[in-house]
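# Results of the structural survey
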Amino acid sequence: MKKTYKIEVDCANCANLMEDAARKTSGVDSAVVNFMTQKMTVEFTEGQEPKKVMKEVLKACKKVEPDCEIEL
Amino acid sequence: MNKKQKRMLARIIIAAVMLVILNFIPVSGFLRLFFYLADYLIIGYDILKKAGKGIMNRRVFDENFLMSVATVGAFALAIYSGSGDYNEAIAVMLFYQIGELFQSYAVGRSRKNISALMDIRPDYANIEQDGRLIKVDPDEVSIGSIIIVQPGEKVPLDGIIIEGSSSLNTSALTGESLPRDAKTGDEIISGCINMTGVLKIRTSKEFGESTVSKILELVENSSSRKSKSEDFISKFARAYTPAVCYGALALAFLPPLVQMIMGSTAQWSVWIYRALTFLVISCPCALVISIPLSFFAGIGGASKEGILIKGSNYLETLSQAKCVVFDKTGTLTQGVFEVIGVHHNELENAQILEYAALAECASSHPISKSLQKAYGREIDHSRVNDIEEIGGYGITAQVDGKSIAAGNSKLMKKLGITYYECHSAGTIVHIAIDGEYAGHILISDIVKPHSKAAVAELKKAGVEKTVMLTGDTKRVAEQVAETLGIDEVYSELLPAGKVSKVEELLSAKNEKSKLAFVGDGINDAPVLTRADIGIAMGAMGSDAAIEAADVVLMDDDPMQISKAIKISRKCIRIVYENISFALVIKFACLALGAVGIANMWYAIFADVGVMIIAILNAIRALRVRDL
């Protein structure tokens, strides 16, 4: 399943870091952060609950970029 | 500016004013340090905090860390050496923050610019209920509903006009500024703006499937597909930041240690200062921000001109297109066929046309449509049975109990019917009734007015080879190719033959140059996917084409093809300019910093100055109107 979330991040490098962090979160198949449109597209692994996974993703992203925000 | 940016601006102004005043107040000693430190914290507290958090989360080596180490280090050196010159540390932080603010402002502005260009999302649809108009969410309107669009409103859903006439502004979709007329019975696509009359429309698609949704989806997802240059930059940044940190560390400690071993005095403060300069220069922001911004601006500028590019990777490929392959019908020619004449017939012309039109009544092929148009009367489907369409050959059917075969010479050969060749150039539909040859109909397609100029423009834009593929006869194909100045032409191809021809061309060219295929999306979706880059023309309303192509031209003017290529070239040139400019300045300053020629002020230019120049250059990609 694929879902798109609105995000808030200020610098392009931080967006790259967020993408990296999201990809490494378990339950995430692939993640693309689009800095320009401020969107994160996440593809979840089969049978994963997106809400639960996204909580982890947010936690991981906050770790690399304390200023970022993901609208869940 | 948003709230965050305004607060930042206030901090920058306060810190800058304070810095100037402090330079005129004759305080010294501890009090002086206190004031300067206060100023430093005003401008840089958030950076220090982020750097601290980064270390706690075991993620050192980001730009906050670089800046914190550099400025704290500069402060410490000033205290240690007793010079009392704290200006440098504060200035570095100040300019870094100015750069960050400028970056976020510029990005926000161009984002807004581009979304304004693509402001085609309809907010509501009008539905009539009990004689009153009510506004509903377009998502809730089901297929077959009647919606009403008033002058000045956006058409929210695709459909057919059942009442009213008006002119439509399609500029948001096509970049074409001339209004288009629409009347009862016409198909209408969402995203146009109704300009003059009230229109009643029966919807034919749900909102999610409507043209406007498809286009928005395409544009919004476009920069998610990253180009090689973007991938290169993010990989580069990942390796680069730790590398310069270790480089700075080595620069701070190795030379003094060597000096110590050699027996001379170790110049610790000199080398640490150089290492700090090194850190400031090394910040990768200019690269990391300007490359995606260039692509974003390029794609945004192109969509303003009615050229939708599905991703930065496609923009990159398009810029390398050296060979352009066209489908003839609907791309270079209008695809509007007209019956020119009926030859070699014993029956009346009208009779032949009637049989042909009836036999082809189920086909949506442009040729069939032209036959139906020439027939000119309502088609009575009950007179036709057993229609069989043989792709690339023609049609056989039972009309009024007679077996009719209508198609090209291959069909006649297949059925073993002797036929007469036509001596004029055009598409020939041979007609056989009950196995007897009954004559042929000559149909001709009209070349689009700009086709010739478009082919010439492509050559000027650096395309080396133009090729035309068509299912049409050799004679017609060669005539068209000659008038348009096309280099190579392959005719009488079946749809599958086009794919294998493109594959042949793909394997014949060298790796670096790319092949673009331009088609109108009807019957050529497989070729669009197979080519390095597929360009679909006049795709308003054709879902298959939007899906299969990498670049969608909203207008069916062939001039748009060369424009798309020029836009992509401009954008890629800007990307390379930025990459090389940033890298050259950075490495030059790094080298100068290491040997002590560049001081902290050079470093600030190398960081913030380069970034601002790169961003301004990137925004240039948005301006594509005059290409």
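Everything quoted here is computed from the prediction, not taken from an experiment. Within each chain, residue numbers correspond to sequence positions counted from 1 in written order. Here every chain gets a letter starting at A, and every ligand a number starting at 1, in the order they are written. Owing to the predicted nature of the model, reporting of local features is limited to residues with pLDDT of at least 70; listing and counting of side-chain atom pairs is limited to 80 or more, with chain, interface and lining totals taken over all residues.

## Digging into the overall build of chain A
Selection criterion: What counts as a helix is a DSSP run of H or I of at least four residues, what counts as a strand is a run of E of at least two, and both are numbered from the N terminus. For the radius of gyration, the atom set is restricted to C-alpha positions; the globular benchmark scales as 2.2 Å times the number of residues to the power 0.38. Throughout, a pair of residues is in contact if the C-beta atoms placed from their backbones lie within 7 Å.
A tally of helices and strands in chain A yields 2 helices and 4 strands. Going residue by residue from the N terminus, the α and β elements of chain A occur as β-α-β-β-α-β. Relative to the globule expectation of 11 Å for 72 residues, the C-alpha radius of gyration of chain A, 11 Å, shows essentially globular dimensions. Seen through its C-alpha atoms, chain A measures out along the principal axes to roughly 35 × 20 × 20 Å. The long-range share in chain A, meaning contacts at least 24 apart out of those at least 6 apart in sequence, stands at 59%.

## Considering unusual backbone geometry
Residue and element names in this part refer to chain B. Formally: To assign burial, the other C-beta atoms lying within 10 Å of each residue's own C-beta are counted, with C-beta atoms placed from the backbone; 20 or more indicates buried, 12 or fewer indicates exposed, and intermediate counts indicate partly exposed.
Not every positive phi belongs to a glycine, and Asp 386 is a case in point at roughly 45°. With respect to the helices and strands, Asp 386 occurs in strand E13 (residues 384-390). A positive phi angle, near 50°, is found at Asp 400, a position not held by glycine. With respect to the element layout, Asp 400 can be found in the loop between strand E14 (394-399) and strand E15 (402-407). Of the residues examined, Asp 400 has 12 C-beta atoms within 10 Å and is grouped as exposed.

## Points about the packing of helix H9 (residues 285-304) of chain B against helix H20 (residues 559-594) of chain B
All names here are of chain B. This is how the line gets drawn: In this description, a line fitted to the C-alpha atoms serves as the axis of each element, helices being fitted only across the stretch in contact, and the angle between N-to-C directions of two axes falls anywhere from 0 to 180 degrees. In these notes the angle categories are as follows: under 35 degrees is roughly parallel, over 145 is roughly antiparallel, 65 to 115 is roughly perpendicular, and the rest is oblique. Only Asp, Glu, Lys and Arg are considered charged, only Ala, Val, Leu, Ile, Met, Phe, Trp, Tyr, Cys and Pro nonpolar, and every remaining residue, Gly among them, polar.
Contact geometry for H9 and H20: axes closest at 10 Å, N-to-C directions at 170°. Accordingly, the angle class assigned to the pair H9 and H20 is roughly antiparallel. Judged by residue contacts, Ala 286, Leu 287, Ser 290, Ile 291, Ser 294, Phe 295, Gly 298, Gly 301 and Ala 302 of H9 engage Ala 564, Ile 567, Cys 571, Ile 574, Val 575, Asn 578, Ile 579 and Ala 582 from H20. By residue class, the composition of the contact of H9 with H20 is 12 nonpolar, 5 polar and no charged.

## Some points on the sheet that holds strand E5 (residues 166-169) of chain B
The strands that make up a sheet pair up through hydrogen bonds in the backbone, lying either parallel or antiparallel. All names here are of chain B. Note the following rule: By definition, two strands form a pair when at least two bridges between them are found by DSSP.
If you walk across this open sheet you meet the 3 strands as E6-E5-E8, and the pairing is antiparallel. Edge strands, defined here as strands with exactly one partner in the open sheet, are strand E6 (180-182) and strand E8 (193-194). Examined bridge by bridge, E5 and E6 share 3 bridges and lie antiparallel to one another. Considered in E6, the bridge of Ser 167 is made with Asp 181.

## Things to note about the domain arrangement of chain B
Interface size is commonly expressed as the accessible area that is lost once the parts come together. Short version of the rule: Source of the domain bounds: an automatic or database domain assignment.
Segmenting chain B into domains produces domain 1 (125-220), domain 2 (298-332 + 449-565) and domain 3 (334-446). Here the C-alpha centre of domain 3 of chain B lies 37 Å away from the C-alpha centre of domain 1 of chain B.

## What to know about the pairing of E14 of chain B
Two faces make up the sheet, and in a regular strand the side chains alternate between them. Residues and elements named next belong to chain B. The element E14 is extensively covered by neighbouring structure, given that 5 of its 6 residues are classed as buried. The sheet contact formed by E13 and E14 spans 5 bridges and is antiparallel. Across the sheet, Glu 388 pairs through a bridge with Thr 396, a residue of E14. As consecutive antiparallel partners, E13 and E14 are separated by 3 residues, and within that stretch Gly 392 has a phi angle of approximately 85°, a positive value. Sheet topology places E14 next to E15; 6 bridges connect them, and they run antiparallel. Following the sheet pairing, Gly 394 is matched in E15 by Gly 407. Counting the residues in the hairpin turn of E14 and E15 gives 2 residues, including Asp 400, whose phi is positive at 50°.

## Description of the nonpolar core
Residue and element names in this part refer to chain B. Which entries qualify depends on this criterion: Core membership is restricted to buried Ala, Val, Leu, Ile, Met, Phe, Trp, Tyr and Cys residues, and these are joined into a nonpolar core through C-beta atoms within 7 Å.
One finds Ala 516, Ile 535 and Val 551 to be the most contacted residues of the largest nonpolar core, which totals 144 residues. Looking at this core element by element, the count peaks at 14 residues for H20. When residues of this core are sorted by domain, at least three fall in each of domain 1 (125-220) and domain 2 (298-332 + 449-565). Excluding residues that lie within four positions of it along the chain, Ala 516 makes contacts with Leu 318, Ala 321, Val 324, Val 325, Ala 531, Asp 532, Ile 533 and Ile 535.

## Topic: helix H16 (residues 474-484) of chain B
Residue and element names in this part refer to chain B. Convention followed: Here, the arc refers to the directions that run from the helix axis to the C-beta atoms.
Turning to H16, its buried residues number three or more, namely Val 476, Ala 477, Val 480, Ala 481 and Leu 484. All buried residues of H16 project into a common sector of 125° when viewed along the axis, lining one side. Remark: Gly 485 follows H16 within two positions and exhibits a positive phi of approximately 80°.

## Describing H9 of chain B
Residues and elements named next belong to chain B. What counts, and what does not: Each helix should span, by expectation, one fewer than its residue count multiplied by 1.5 Å.
The terminal C-alpha atoms of H9 lie 28 Å apart, and with 20 residues this matches the ideal 28 Å at 1.5 Å per residue to within 8%. Of all 20 residues in H9, 20 are buried; the element is thus mostly enclosed. Note on H9: the residue one or two positions beyond its end, Gly 306, has a positive phi of about 80°.

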